[in-house]
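Reading the structure
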Amino acid sequence: MADPENDFAGYMEGLAEAEAAAQEEKEILNAHELWRNSTWAGWTVRQIQTVGEHFRPFFLAVGASMKEDKGFSKRLLSHFLRISIVLAAIVTIYILAHILQMFIGKEIVINQEIVIVEEIPRSQAEKEGIVEGEHVVTDPVEMRELLAAYREAQKSEEGQEEEDGETTETKKKNE
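For the structure given in this document, a descriptive report is provided here. (Residues numbered from 1 in each chain as written. Predicted model: local features only at pLDDT ≥ 70, side-chain atom pairs only at ≥ 80, totals over all residues. Heavy atoms only, no water.)

1. With respect to the overall build of the chain
- Helices and strands together make up the secondary structure of the chain, namely 6 helices and 2 strands.
- Going through the 175 residues of the chain one by one, you find that 7% of them count as buried.
- In the chain, 0% of the contacts between residues at least 6 apart in sequence involve partners at least 24 apart.
- Accessible area for the chain stands at about 16,300 Å²; split by element, carbon and sulfur atoms hold 60% of it. (Helix = DSSP H or I, 4+ residues; strand = E, 2+ residues; numbered from the N terminus. Buried < 20%, exposed > 50% of the residue type's maximum accessible area, 1.4 Å probe, protein only. Contact = heavy atoms within 4.5 Å. Areas by Shrake-Rupley, 256 points an atom, 1.4 Å probe, with all protein chains shown as cover.)

Here's what the structure looks like:
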C-alpha cells in the first residue's frame, strides 16, 4: 500500500509552477492587447477580426456545407476558394510593391559622363593656349575659356584677312 504522505509530494511546487505559467500567460496577453491598441498593425488586425466576426455565420455555413456535400458544388466552391486565396495574395503583393515603390521612386537614373580624349600636337596646343610652356591647363572651365578666346581670335583674324583682301582688290580695280 502506498504511503499517504507521498500522495501530495511535489503538489506545492507544481501549484507554484502553474501559477507562474498563468501569470506569464497573463502578461503576454496584456502586452498583446497593448500592441493591438497602440500600433497601426494592431489596428489592422482588429479591423480584420471585426470583419471576420461579422461574416462568421457565413463562413460556418460554408464550412458545414463543405463537410456534408460530396458533389459538384463542393468542388466548385473549393476551387473558387483556392483561386480567391491566390488572387488575394497577388493583390497584397501588388499593393505592398506599390507602397515600396512610392518610397523608392519610379525611375532609376544612371548618369554617365563621356570623356572624349583628343590627341593634338604640342605646337597646336601652344597656339590654342592649352599648353603654356610647361604648364598644362587641366581645369575644364579654364580650358573652355581659352578655347573660346582662341576661336574668337581665329574669327577676327579671318575677318581682317577678308577686309585686307577686299581693299587690295579694290585698289587694283581702281588703278
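Let us keep going from here.
2. Quick notes on the pattern of salt bridges
- Following the criterion strictly, the structure yields 1 salt bridge and no others.
- Note that R56 is salt-bridged to E53, the shortest N-O span being 3.7 Å. (Salt bridge = Lys/Arg side-chain N within 4 Å of Asp/Glu carboxyl O.)

3. Some words on the packing of helix 1 (residues 11-38) against helix 2 (residues 40-54)
- In contact at an axis separation of 5 Å, helix 1 and helix 2 are set at 90 degrees when each is read in the N-to-C sense. Between helix 1 and helix 2, the angle is such that the two are roughly perpendicular. Of helix 2, the residues touching helix 1 (which contributes W35, R36 and N37) are A41, G42, W43, V45, R46 and Q49.
- Tallied by class, the residues present in the contact of helix 1 with helix 2 amount to 4 nonpolar, 3 polar and 2 charged. (Axes fitted to C-alpha atoms, helices over the stretch in contact; angles between N-to-C directions. Parallel < 35°, antiparallel > 145°, perpendicular 65-115°, else oblique. Nonpolar A, V, L, I, M, F, W, Y, C, P; charged D, E, K, R; others polar.)

4. Focus: the layout of surface pockets
- Of the voids in this model, the second largest pocket is the one considered here, and its volume is about 170 Å³.
- Lining the second largest pocket, in full, are F58, F59, V62, G63, L77, F80 and L81.
- Looking at the lining of the second largest pocket, the elements that each hand over two or more residues are helix 3 (56-68) and helix 4 (72-104).
- Of the residues forming the lining of the second largest pocket, the biggest block, 4 residues, is contributed by helix 3. (1 Å grid on protein atoms, 1.4 Å probe; cavity = no way out; pocket = protein on both sides within 12 Å on 5 of 7 lines; lining within 4 Å. Points joined across faces, edges and corners; volume = space filled by probe spheres on them.)

5. Re helix 2
- Along its 15 residues, helix 2 runs 21 Å from first to last C-alpha, staying within 8% of the 21 Å computed at 1.5 Å per residue.
- N-capping of helix 2 is provided by T39, with a side-chain oxygen placed 3.0 Å from the backbone N of G42. (Expected span 1.5 Å × (residues − 1). Polar contact = N/O pair within 3.5 Å; in protein donor to acceptor, adjacent residues only side chain to side chain.)

6. With respect to the packing of helix 2 against helix 3
- Across the interface, helix 2 lies against helix 3 with an axial gap of 4 Å and an inter-helix angle of 60 degrees. By the angle between their axes, helix 2 is oblique relative to helix 3. Together, G52, E53 and H54 of helix 2 and R56, P57 and F59 of helix 3 make up the contact between the two elements.

7. Some thoughts on the packing of aromatic side chains
- Evaluated as defined, the whole model comprises 2 aromatic pairs.
- Aromatic side chains F58 and F59 sit 5.8 Å apart centroid to centroid with 55 degrees between the ring planes, which places their arrangement in the tilted category. (Phe/Tyr/Trp six-rings, centres within 6.5 Å; stacked < 30°, edge-to-face > 60°.)

8. Examining a nonpolar patch on the surface
- Together, V91, Y94, I95, L96, I99, L100, F103 and I104 line one region of the surface with nonpolar side chains, adding up to about 900 Å² of accessible area.
- By the secondary structure assignment, I95 is in helix 4. (Patch = residues over 30% accessible without salt bridge, like charges linked within 9 Å, V, L, I, M, F, W, Y side chains within 5 Å.)

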